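Residue-level listing of the chains:
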Amino acid sequence: MKKKMIGSENDMEKHRIAARVATAAFLLGLSVLLMTTFGSYGEDRSSAESEPYPPEETIVWEDGLRIAVASDLHYDPDNTDKSAAVSAVQYNPELIEALLQDVKKQGSEMLLLTGDLVNGGKVHRHKMLAEMLRQAESGGMAIYVLPGNHDLSPIGQREFAEIYSEFGYDEAFSRDPASLSYSIVRDGLMLLMMDTGGYSVSTIDLPGAPKREQAGAFLSGETLKWAEDMLMEAEEQQLRVLCAGHYNLLPETSRQESGFYLENGTQFADLLRKYHVPLYLSGHMHIRSVYQEDGLTEMLTEYLLSYPTGYSMLNITDTKLQAAPRRVGVDAWAAETGQQDPVLL
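The structure presented is a predicted model; accordingly, all values stated were derived computationally and were not measured.

K.L.:
Which parts of the structure should I look at to understand the sheet that holds strand β8 (residues 279–282)?
P.N.:
Strand pairing in a sheet takes place through backbone hydrogen bonds and is either antiparallel or parallel in direction. As summarised here, the arrangement of the seven strands in space is β4-β5-β6-β7-β8-β10-β9, forming an open sheet in which the pairing is mixed. At either end of the open sheet lies a strand with only one pairing partner, and these are β4 (174–175) and β9 (289–293). In the sheet, β8 pairs with strand β10 (residues 296–300) via four bridges, with the strands oriented parallel. Across the sheet, the residue bridging to Y280 is E298, located in β10. This element, helix α7 (residues 221–236), spans β4, β5 (182–186), β6 (189–194) and β7 (240–245) of the sheet and lies at about 175° to β6.

As structure tokens, then:
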């Protein structure tokens, strides 16, 4: 990783102070706009889960950097028999195509896919999905991916990075030698894309990856050190930071005993707070929800293949981060592409 030195120690401290002032304004906009468009909850999350998608005309997007976030695509082209009882799983190729069209229609400059890209880690499924993403990127939108617990086995870490080389790994500002985590720097922003694990130890084949005896959703000491190096770099360059991973960050988010959140999520959350990172994006639980604690917001994006087929939209300005859930315009995609299946129309 190349460090960018910024003058004397006094100059560097001035830059840090300026960055923190800018982040404070950014945090204020984030907390207010998440509460008004997603709903906010602590002990009682029922209102956030039942809140309908806001009517499109009620959301006024300011001029900013537009980022779409989708999760848990579970792409499975081998399970599309439509003669059986109708379910969204049978239509997952169509729903993903509709998603890719919809996010471009919303003016998204980036699409973040936070894991569980396919079912079962099959090589042909990954390659077919990568081709769909390649076609979507040809329109000018950047797509960045992360692995989830369903993405590895039989393929390993190295093959995953090779298949998705065009979607984050080749253009990374830095790659973590110990995992599939990486960072992207563009538009005054650092995306900290975290590989949260949770997959079979037999798939861990990166040369720098520490050996594990059992699978688990956690960040190794090596990966935590790399992440802090990235956060220090962002602070020096006065970059805003957004962080994403597949697993939930805190037990409070999922209210599960285990299996849904990072085992050392509290430690990583404290690291994000130390460097004033306002937002962590995740999926895995298959529901849409928001949790806010001590200046850090976690936003979960729902399972694409369940009603109401949604994703999240972010819009970043100089002082605000707007966030709102959005339903995929499946019927509009179906009409525009000449689909005949009444289920899609």
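K.L.:
Looking at this structure, how should I read the environment of F260?
P.N.:
Note that F260 resides in the loop between α8 (251–254) and α9 (265–274). Along the chain, F260 and H284 lie 24 residues apart, while their C-alpha atoms are 6.8 Å from each other.

K.L.:
How should unusual backbone geometry be read in this particular structure?
P.N.:
Backbone geometry follows two general trends: most residues other than glycine have a negative phi, and most peptide bonds adopt the trans configuration. Going from S153 to P154, the amide bond is cis rather than trans, its omega being 15°. That bond from Y307 to P308 is cis: its omega, 15°, falls within 30 degrees of zero. Along the chain, the position of P308 falls in the loop between β10 and β11 (310–316). The backbone of H74 sits at a positive phi, close to 50°, despite the residue not being glycine. Within the secondary structure layout, H74 lies in the loop between β1 (65–70) and α3 (92–105). In this structure, Q238 takes a positive phi of about 55° despite not being glycine. Assignment of secondary structure puts Q238 in the loop between α7 and β7.

K.L.:
Just checking my understanding: could you explain the pairing of strand β2 (residues 110–114) for this structure?
P.N.:
Consecutive residues of a regular strand have side chains that alternate between opposite faces of the sheet. Counting buried residues along β2, five of its five residues qualify, which places the element largely inside the surrounding structure. Burial along β2 is two-sided: M110, L112 and T114 facing one way and L111 and L113 facing the other are all buried. Examined bridge by bridge, β2 and strand β3 (residues 142–146) share five bridges and lie parallel to one another. By the bridge assignment, T114 is partnered in β3 with L146.

K.L.:
Before we go on, may I ask you to explain the pattern of salt bridges in this structure?
P.N.:
Side chains that carry opposite charge are capable of pairing whenever their charged atoms lie near each other. Under the defined criterion, the tally for this structure stands at 15 salt bridges. Note that E62 and K320 form a salt bridge whose closest N and O atoms lie 3.1 Å from each other. Of this pair, E62 sits in the loop between α2 (46–50) and β1 while K320 sits in the loop between β11 and β12 (321–327), and the two are 258 residues apart along the sequence. Classification of E62 as partly exposed rests on a relative accessible area of 32%.

K.L.:
What should I look at first to understand the nonpolar core in this one?
P.N.:
Here is a general trend for soluble globular proteins: nonpolar side chains tend to be buried in one another's company. Core analysis: the biggest nonpolar cluster contains 70 residues, and I67, L129, I143, V145, Y164 and L314 have the highest contact counts within it. Among the elements that take part in this core, α3 stands out by supplying six residues, more than any other. L314 has contacts with L65, R66, I67, V69, L242, L279, L281, M299, L321, Q322 and A323, leaving out every residue within four places of it along the chain. One finds M194, Y247, L250 and Y280 within the second-largest nonpolar core, a separate group that totals 27 residues.

K.L.:
Is there a simple way to think about the packing of α3 against helix α4 (residues 123–137) in this case?
P.N.:
The geometry of a pair of packed helices is captured by two quantities: the angle between their axes and the separation between those axes. Running from N to C, α3 and α4 point in directions that differ by 25°, and their axes come no closer than 11 Å. One finds that α3 runs roughly parallel with respect to α4. Here the hand of the crossing between α3 and α4 comes out right-handed. When α3 is examined against α4, the residues P93, I96, E97, L100 and K104 are found in contact with a partner set consisting of L129, M132, L133 and A136. Residues that form the contact of α3 with α4 fall into these classes: seven nonpolar, no polar and two charged.

K.L.:
How should the packing of aromatic side chains be read in this particular structure?
P.N.:
In this description, an aromatic ring pair is defined by two values, namely the gap between the centres and the angle between the planes. Within this structure, the stated rule accounts for four aromatic pairs. One aromatic cluster in this structure is built from F160, Y164, F167, Y169 and Y182.

K.L.:
When you look at the sheet that holds β2 in this model, what are you seeing that I'm missing?
P.N.:
With mixed pairing, the five strands of this open sheet are ordered in space as β3-β2-β1-β11-β12. Looking at which strands have only one partner, the edges of the open sheet turn out to be β3 and β12. When strand polarity is set aside, the average angle formed by the axes of neighbouring strands in this sheet is 20°. Two strands pair when backbone bridges link them, and β1 and β2 are joined in this way by four bridges, in the parallel orientation. Pairing of A68 across the sheet is with L111, part of β2. The sheet strands contacting α3 are β1, β2, β3, β11 and β12, and the helix crosses β11 at an angle near 20°.

K.L.:
What exactly am I supposed to notice about the confidence of the model for the chain here?
P.N.:
In low-pLDDT regions, the fine details of the predicted coordinates are not to be read closely. Looking at the chain, pLDDT values average 83 and 80% of them are 70 or higher. When the criterion is pLDDT under 50, residues 1–9 qualifies, and its contacts beyond four places in sequence or with other chains add up to 21 contacts.

Criteria and cut-off values
Residues numbered from 1 in each chain as written. Predicted model: local features only at pLDDT ≥ 70, side-chain atom pairs only at ≥ 80, totals over all residues. Heavy atoms only, no water. Pairing = 2+ DSSP bridges. Helix = DSSP H or I, 4+ residues; strand = E, 2+ residues; numbered from the N terminus. Contact = heavy atoms within 4.5 Å. Axes fitted to C-alpha atoms, helices over the stretch in contact; angles between N-to-C directions. Buried < 20%, exposed > 50% of the residue type's maximum accessible area, 1.4 Å probe, protein only. Salt bridge = Lys/Arg side-chain N within 4 Å of Asp/Glu carboxyl O. Core = buried A, V, L, I, M, F, W, Y, C linked by side-chain atoms within 4.5 Å. Parallel < 35°, antiparallel > 145°, perpendicular 65-115°, else oblique. Left-handed = near helix turned anticlockwise from the far one by under 90°. Nonpolar A, V, L, I, M, F, W, Y, C, P; charged D, E, K, R; others polar. Phe/Tyr/Trp six-rings, centres within 6.5 Å; stacked < 30°, edge-to-face > 60°. pLDDT = per-residue confidence, 0-100.

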